[in-house]
Amino acid sequence: VLQGVYLSGDIFMGSTASDGDVNNILISRCNVDNICLAYTTSGTNYGAENIFIKDCIVRNSIYGASTQGVVVESSIITNMIRSFNANTEFKNDIILKNGGSVNYVIYEVSNCNFSNNIFRHSNTSTSYWSSGCSNNFFNNCVFGAESADLNGGTYSNCLYETAFSPLFVNVPNVADFSYTYDYHLSDTSAAIGVGMSGTDCGIYGGDNPYKDGAVPLNPHIQFKQIPTATDSQGKLNIQVTVGAQEN
């Protein structure tokens, strides 16, 4: 388990081809630049499988390296989803694309499932949304475009909404992430109730909504007060408050 960590850099599965068979990993409540399910962003899979990514902020991209058994849930990705093939599910995520060296929301992704997600690209033209993709399934997703044709995917109960700003309570720049923004759906949001089984799309919908604060489950110090000297009886009156965020 990797939980509650801010990284200025990336997460990789292993450091060489010989130690890339990383299995049964939970990455939760982390803020990272990239997540790569291989030992390099251009690598292929070397045995990694069963990776669960939950309540994370990915400031750049997720590279799948065709890893199997991947679930990405209630997370925000601010660039691209790349190189996944089968046995992968993205649900209740927010994917925000704002330019980049490869100008696509999803790239080289096939046979994967997307449900209850919100997609946004700074360019609403569908030609900028995907490349090298096939046979993906999009269920109850909201797209910030007039239509979506992500290389011939299959769409069910999806919504196409170009007037994107009213979707959230307070997101002044919908193509970037900030902790000062409020990604709850606004009272008039088109994404309310359009998810599967009548749930909301985005990170606060579904059975396991995003946890504000992204604090680890283990107890942490909320307050501490330690005097610099003892009292007249030689005692040091220390006050410490600890707590843990609910599951």
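Residues numbered from 1 in each chain as written. Predicted model: local features only at pLDDT ≥ 70, side-chain atom pairs only at ≥ 80, totals over all residues. Heavy atoms only, no water.

Visitor: Is there a simple way to think about the sheet that holds strand 14 (residues 106-110) in this case?
Guide: Strands pair in a sheet through their backbones, by hydrogen bonds, and they do so in one of two ways: parallel or antiparallel. Strand order in the open sheet formed by six strands is 2-5-8-11-14-17, with parallel pairing between adjacent strands. In the strand order of this sheet, the two ends are held by strand 2 (11-12) and strand 17 (130-131), each with one partner. Inspection of the sheet shows strand 2 paired to strand 5 (residues 35-36) by two bridges, in the parallel sense. Each residue of the ladder has a partner; that of I11, found in strand 5, is I35. (Pairing = 2+ DSSP bridges. Helix = DSSP H or I, 4+ residues; strand = E, 2+ residues; numbered from the N terminus.)

Visitor: I would appreciate a short explanation of unusual backbone geometry in the present structure.
Guide: Phi is mostly negative for residues that are not glycine, and the peptide bonds are mostly trans. Its identity as a non-glycine residue notwithstanding, N116 has a phi of 60 degrees, on the positive side. By the secondary structure assignment, N116 is in the loop between strand 15 (113-115) and strand 16 (118-121). Here N116 falls in the buried class, since its relative accessible area comes to 5%. Even without being a glycine, N140 presents a positive backbone phi close to 55 degrees. Secondary-structure assignment places N140 in the loop between strand 18 (137-139) and strand 19 (142-143). (Buried < 20%, exposed > 50% of the residue type's maximum accessible area, 1.4 Å probe, protein only.)

Visitor: Sorry if this is basic, but what is going on with the side chain of S75 here?
Guide: Here S75 is to be found in the loop between strand 9 (68-73) and strand 10 (76-77). Judged by relative accessible area, S75 falls into the buried class, the value being 1%. Of the polar contacts made by the side chain of S75, one reaches the backbone nitrogen of C56; its length is 3.0 Å. (Polar contact = N/O pair within 3.5 Å; in protein donor to acceptor, adjacent residues only side chain to side chain.)

Visitor: How do you make sense of the sheet that holds strand 13 (residues 94-97) when you look at a structure like this?
Guide: With parallel pairing, the seven strands of this open sheet are ordered in space as 4-7-10-13-16-19-21. Two strands close off the open sheet at either side, each with one partner strand: strand 4 (31-32) and strand 21 (159-160). Note that strand 7 (residues 57-58) and strand 10 share two bridges and pair parallel. Bridge pairing links V58 to I77 in strand 10.

Visitor: Mind showing me how you'd approach the pairing of strand 12 (residues 88-91) here?
Guide: Remark: a regular strand shows side chains that alternate across the two faces of the sheet. Residues T88 and F90 line the buried face of strand 12, whereas the alternating positions E89 and K91 sit on a face that is not buried. Where strand 9 lies against strand 12, four bridges are found, and the strand directions are parallel. From the neighbouring strand, V70 faces strand 12, where its bridge partner is T88. In this sheet, strand 15 lies alongside strand 12 in parallel orientation, the contact comprising three bridges. Across the sheet, the residue bridging to F90 is F114, located in strand 15.

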